[in-house]
Amino acid sequence: MQSPIATERLLATTDHLIRPDQNLSDRQQPWIHPRLIQSVDPIKGRQLRVSQPVKKGELLLVDLPYALIPVVDHPDQSDDVRCSNPACHRRVARTVERVSCLNRCSADVVWCNSSCRDADNLRHEFECTWLKKYANSIRSKWGEYDFGMLWLIVRILASRDVEFRNTPSSDKTSGSKTGSDSKPSSFETGWNAIRSFCGSQDSWTHSQVRHWTMLVKKYLRNSQSLPHGLTSSEVLDLICQEEANSFGLYPRETGAFPLPELAVDRGEQFAAGVYPTAALANHSCSPNIIHKPDDQSRMVFVASKDIATGEECCISYFDLSKKVELKDRRDHLQGSFRFVCKCDRCVSEEPPEGDSLEEELQWDEFPSMDAF
Ligand SMILES: C[S@@+](CC[C@H](N)C(=O)[O-])C[C@H]1O[C@@H](n2cnc3c(N)ncnc32)[C@H](O)[C@@H]1O
């Protein structure tokens, strides 16, 4: 069985797999392994596969967040806040001379230094008034989770705004493409990738639809302080997509399997983000990829097993050491991600059909006599 230290080292020793001309430091484009491809599964939808074998330990993907928010309780006392500048997103410890917004819009918004703040001016301007107006009231009325969901949407819209300003109008529908050393055609980038995310209101209960519709109308309407030009229904769809596709960022990797004898948990969540290419990875309860953010909050995928030609590349959406039994795993995925897990491990652990029918009959109400 793999020890936790061995898995830590797996991520720490992948640098040699990157060719020198693909040096990752300060790279502002995703890096995609040339054998990583996209296809479609009839049950799970889009998926990542390999076109040829990949060895355990190989780096498969380094993806940049389209939008990222910090998730810390007391930003002014935390060492885990990330620089708001998307070109940096490094950890800014409280001992460092971090700078805040001159408008004092939110304590969660910090930059490493004034150069990072200046470089991020255009993007931050989009969210600044909104944060100042609503951050405190949303938090106190609706709680941290709802605030985080709404703020991440605002940051997605801010990135979209910057992208559109930097893209000639004829290119806006096709969006920007990845660099020449990345997969040119099969992987969407930027807003086009976000727009193609899965997720729909059908997976919500009526009360969830009512709740999020109310929040969109109250806080995310197209307005002078949030000029996005989308309808409320389009923003609601975006929230569904965000829910189905966003990543929590933790200091240690997720997805070591089989579970190490001495399982180390992945630590405290410090951010949440959306990643255009990483979001294509489906979940498996016996994944072949481990994932972890690097020091610039880019999402890094590494093969944790040898992967054969055509095999699907899956991550785990949660800490597998916390949920071992089939029912716990499926309940968690259903509750947090709104799908029934159909990974190989879950399917192989499903009770024989007769058993599940018996179980259903115990709980389902018998039809009323009036029906006969
Ligand atoms: C982050 S997206 C992954 C990419 C997605 N398949 C797509 O088409 O864009 C998560 C969604 O993929 C599907 N999915 C992922 N893992 C799955 C699994 N193990 N079993 C069934 N569906 C899965 C679910 O619909 C889920 O909401």
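Computed from a predicted model, the values in this text were never measured in an experiment.

Once that is clear, we can look at the environment of Glu349. Residue position: Glu349 is located in helix H8 (residues 344-349). C-alpha of Glu349 to C-alpha of Ala119: the two residues are 230 residues apart in sequence and 52 Å apart in space. Among the polar contacts made by the side chain of Glu349, one reaches the side chain of Arg329 at a distance of 3.1 Å.

Right, let's talk about the site of the ligand for a bit. For the ligand, the set of nearby residues contains 17 residues, the closest of which are Lys44, Arg46, Asn282, His283 and Lys342. The separation between a nitrogen atom of the ligand and a polar main-chain atom of Lys44 is 2.6 Å. In this structure, Arg46 approaches the ligand through a main-chain N or O atom, which is 2.8 Å from an oxygen atom. Compared with its free state, where it exposes 560 Å², the ligand has 89% of that area covered by protein. At the level of secondary structure, the elements contributing two or more residues to the shell around the ligand comprise strand S3 (45-50), helix H6 (232-245) and strand S12 (282-283).

Axis separation between helix H3 (residues 121-166) and H6 bottoms out at 10 Å; the angle between their running directions is 110 degrees. Considered as vectors, H3 and H6 are oriented roughly perpendicular to each other. In contact with Tyr145, Gly148, Met149, Leu150, Leu152, Ile153, Ile156 and Leu157 of H3, H6 contributes Val235, Leu238, Ile239, Glu242 and Glu243. Among the residues forming the contact of H3 with H6, the class breakdown is 10 nonpolar, one polar and two charged.

Calculation rules
Residues numbered from 1 in each chain as written. Predicted model: local features only at pLDDT ≥ 70, side-chain atom pairs only at ≥ 80, totals over all residues. Heavy atoms only, no water. Helix = DSSP H or I, 4+ residues; strand = E, 2+ residues; numbered from the N terminus. Polar contact = N/O pair within 3.5 Å; in protein donor to acceptor, adjacent residues only side chain to side chain. Near = heavy atom within 4 Å. Areas by Shrake-Rupley, 256 points an atom, 1.4 Å probe, with all protein chains shown as cover. Axes fitted to C-alpha atoms, helices over the stretch in contact; angles between N-to-C directions. Parallel < 35°, antiparallel > 145°, perpendicular 65-115°, else oblique. Contact = heavy atoms within 4.5 Å. Nonpolar A, V, L, I, M, F, W, Y, C, P; charged D, E, K, R; others polar.

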